[in-house]
Amino acid sequence: MTSGMLFLRRAGSKLYSMRFGVAILLAVTTQSCAAPQSKPQPQSIVQSSAMGKDGAAIYARACAACHDGGAAQAPRREALAALPAARIKAALETGIMKSQAAGLDADERLAVAAFLSKVQTSVGARNAVGQCNPDDLGVLSPIRVGDWGMGLENSRAVDGKASGLSVRNASRLKLDWVFAYPDGTRSRVQPTLAGDTLFTADQTGAIYALNAASGCVRWRVQTAQEIRSALVVGTNATGGATTLYFGDIAGNVHALDIAGRKLIWSVRPELHAQATITGTLRLFEGKLFVPISSLEVVAAMNGKYACCTFRGAVAALDAATGRQIWKTYTIDEEASARGSNREGAEMFGPSGAPVWSSPTIDKARGRLYIGTGENYSHPASDKSDSVIALDLATGKILWSFQALSQDVWNAACAAGPNCPINPGPDYDFGAPPILVDRKAGGSLVLAGQKSGYVFALDPDRGGALVWKAKPGRGGIMGGVHWGMTAQAGVLYVPVSDLSAYPKDALLAPQGGLHALDVETGAKVWSTLFPDRCGNVEWRCAPGVSAAAMLAGDVILTGSLDGLLRAVATKDGEVLWEFDTNLEFQAVNGVRAFGGSIDSSGPIASGGWVYATSGYDKFGQKAGNLLLAFKVQN
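Conventions adopted
Residues numbered from 1 in each chain as written. Predicted model: local features only at pLDDT ≥ 70, side-chain atom pairs only at ≥ 80, totals over all residues. Heavy atoms only, no water. Helix = DSSP H or I, 4+ residues; strand = E, 2+ residues; numbered from the N terminus. Buried < 20%, exposed > 50% of the residue type's maximum accessible area, 1.4 Å probe, protein only. Polar contact = N/O pair within 3.5 Å; in protein donor to acceptor, adjacent residues only side chain to side chain. Axes fitted to C-alpha atoms, helices over the stretch in contact; angles between N-to-C directions. Parallel < 35°, antiparallel > 145°, perpendicular 65-115°, else oblique. Contact = heavy atoms within 4.5 Å. Nonpolar A, V, L, I, M, F, W, Y, C, P; charged D, E, K, R; others polar. Phe/Tyr/Trp six-rings, centres within 6.5 Å; stacked < 30°, edge-to-face > 60°. Lys NZ or Arg CZ within 6 Å of the ring centre and 35° of its normal. Disulfide = S-S within 2.5 Å.

K.L.:
In this structure, what is going on with the environment of D531? I would like to understand it.
P.N.:
If you trace the backbone, D531 turns up in the loop between β34 (523–528) and β35 (549–551). For D531, a relative accessible area of 58% gives the class exposed. Put simply, D531 and G543 are 12 residues apart on the chain and 8.7 Å apart in space, counted from C-alpha to C-alpha. Looking at D531, its side chain comes within polar contact range of the main-chain nitrogen of C533, at 3.0 Å.

Pasting the structure below:
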């Protein structure tokens, strides 16, 4: 048995203190059309309801094989210990673990949740600290960082004037304040910024509007499901922020009125039970373009699950009403019966090809570019592991480029009966394509894959391959994982290389940051980050899985070992670094602890840098931080 202790790499329990104010934190609760979810229960109720059942024995029988390190996708037990019991129970009953927990009765689910959790407060309890002064109404213009890709092209780049960063001042970044997501064990929502208001959200479904200079909470709205991607800022005619658009883990898309702090509309564009939204929505000319992925890749771990029927998709919605304009599947054919697995469960296919990332807009050509993931079951389709161009107005597929065929894989491939025959390496395009202009005219679509390859495609020649380069070793965790950044003829490629596919296992990992010439793919420079993990029990590595951001002549990255860095665009020199894998004092009075940095990347504006830390999946280090740094004079 392990305790609820979270492992600190070097600095023990060093505590950082920032300014904070004391006031009552008020929660604005709204109704959502999200999939049904159990009503949160106080910890004491969960514990008393579980009496008579041996939670430790149930855990050992039904859960330990994965959560004690046997499944790379599963959070470690110490990460689960940081969650309230009712949150664990909800995950087992209506959330991501519903399929895996199908063999447990209600009392057993209660018992294992009470056994795992070391949190003593009620679900949703909030410390009465961190509320802004009532007179602090905030400013909602101009829009400084309004979406995930920082522009239609998904370049993730802001110029030096807007970012306030340069090679001359990056070393003077100092921690100013920390906000801790209550009851949180992963921090994966990239903040967005309008005026002096920072918008963020957490895995409980809470949306926050924070004072960007102090971290105090202006308001909070509670929704029903976990939010995993950025809150897209919609504006009025004068450029002020009026609406937040976002998707949730249950596959719902929402529009939230900022002034009224209530949902305007909520829809679920894909009705498949396992549909989810991981990538950030794209707002363009009154339409929302929605990438649709799924949790079925994990549900397949249950040998009794009829695997698999989900098809990836992208949908266009009217931003004012949520009305669907069009929806296009990445697999034309609906899944049909394909026999049974060794446990007798019916098998279906084709399936998969999810869309994990934010779509890219090509305004000049009237196109939308997306990347897809692997197939979940046979037969393989022709648009898995692909970059696809669609017509913006109709959703018609105009061309596609498949980087790897016959990649059929799901999470049962550790040993489960739903693993397909001859499974592939799971080489998704998890990072969105980037649209860049060429020096001599025309454009390129740049796409990074978990294989470690980067592809440059010509959008005017049906996605023809112009060049490919391999800065990363590649692996199921990347290679290129969540997002590259590009500007001024150079593509900056963060590489994770946390794991290796067997055929590449002899290659050295290339975890770090790599610069490629946009025209040719030739390497400009590479900076490999040193391994400082030491002897820890969590899955630690120096690679960069999270998306990178370009701020003038500085690249901002966060790595799996919890280190934030500022790197010079010219030569890859590390200008500044900060270890987030510590405990801090948070402005909202909640226990604050950092860990692995994954998924969302840092953002910068006006001499400030905002970054998240903590990721409890894949055996990595849990955490609940949003950190704010400021350039000091």
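K.L.:
So what exactly am I meant to see when it comes to the packing of helix α2 (residues 55–62) against helix α6 (residues 106–116) here?
P.N.:
Packing of α2 against α6 brings their axes to within 8 Å, and their N-to-C directions diverge by 100°. Taken together, the axis directions place α2 and α6 in an arrangement best described as roughly perpendicular. Counted together, G55, A56, I58, Y59 and R61 of α2 and E108, A111, V112, F115 and L116 of α6 form the full contact between these two elements. Its residues assigned to classes, the contact of α2 with α6 comprises seven nonpolar, one polar and two charged.

K.L.:
I would appreciate a short explanation of the packing of aromatic side chains in the present structure.
P.N.:
Any two aromatic rings considered together are summarised by their centre-to-centre distance and by the angle between their planes. Evaluated as defined, the whole model comprises 19 aromatic pairs. Each ring, one from F179 and one from Y208, has its centre 5.0 Å from the other, and the planes form 70°; the classification is edge-to-face. Here the residue F179 occupies a position in strand β5 (residues 173–180), and Y208 occupies one in strand β8 (residues 206–211), the gap between them amounting to 29 residues. The exposure classification of F179 matches that of Y208, with both residues buried. Taking 6.4 Å as the distance between ring centres and 40° as the angle between the ring planes, the aromatic pair formed by Y245 and W265 counts as tilted. With Y245 in strand β11 (residues 241–247) and W265 in strand β13 (residues 262–267), this pair connects stretches of sequence that are 20 residues apart. Accessibility expressed as a relative area gives 8% for Y245, which makes it buried. What makes W265 buried here is its relative accessible area of 8%. Cation over ring: R156 sits above W148, and NZ or CZ is 4.2 Å from the ring centre. Geometry around Y329 places R311 over its ring, the cationic atom sitting 3.8 Å from the centre.

K.L.:
Would you mind going over the environment of A345 with me for this structure?
P.N.:
Following the sequence through the fold, A345 ends up in the loop between β19 (336–340) and β20 (346–349). Judged by its relative accessible area of 8%, A345 falls in the buried class. With 72 residues separating them in the primary sequence, A345 and P417 have C-alpha atoms 9.0 Å apart. Once you skip the residues sitting within four places of it in the chain, A345 turns out to touch G303, K304, Y305, G339 and S340.

K.L.:
Where do I start with unusual backbone geometry in this structure?
P.N.:
With the exception of glycine, most residues fall at negative phi, and the peptide bonds are largely trans. In this chain, G349 is followed by P350 through a cis amide linkage whose omega measures 0°. Here P350 lies in the loop between β20 and β21 (351–352). Omega for the peptide link from H378 to P379 comes to 0°, which places this bond in the cis form. Positionally, P379 belongs in the loop between β24 (375–377) and β25 (386–391). Phi angles above zero are rare outside glycine, and R156 is one such case at about 55°. Along the chain, the position of R156 falls in the loop between β3 (143–145) and β4 (157–158). For R156, a relative accessible area of 0% corresponds to the buried category.

K.L.:
Got a minute to help me understand the state of the cysteines in this structure?
P.N.:
Each disulfide is one covalent bond, formed between the sulfur atoms of two cysteines. One pass over the full model with this rule turns up four disulfides. With a sulfur-sulfur separation of 1.9 Å, C132 is cross-linked through a disulfide to C216. A torsion of 95° about the S-S bond marks the disulfide between C132 and C216 as right-handed. Residue C132 is located in the loop between α6 and β3, and its partner C216 is located in the loop between β8 and β9 (217–222); the two are separated by 84 residues in the primary sequence. C216 shares its class with C132; the two are buried.

That's the geometry; what it means functionally is another story.
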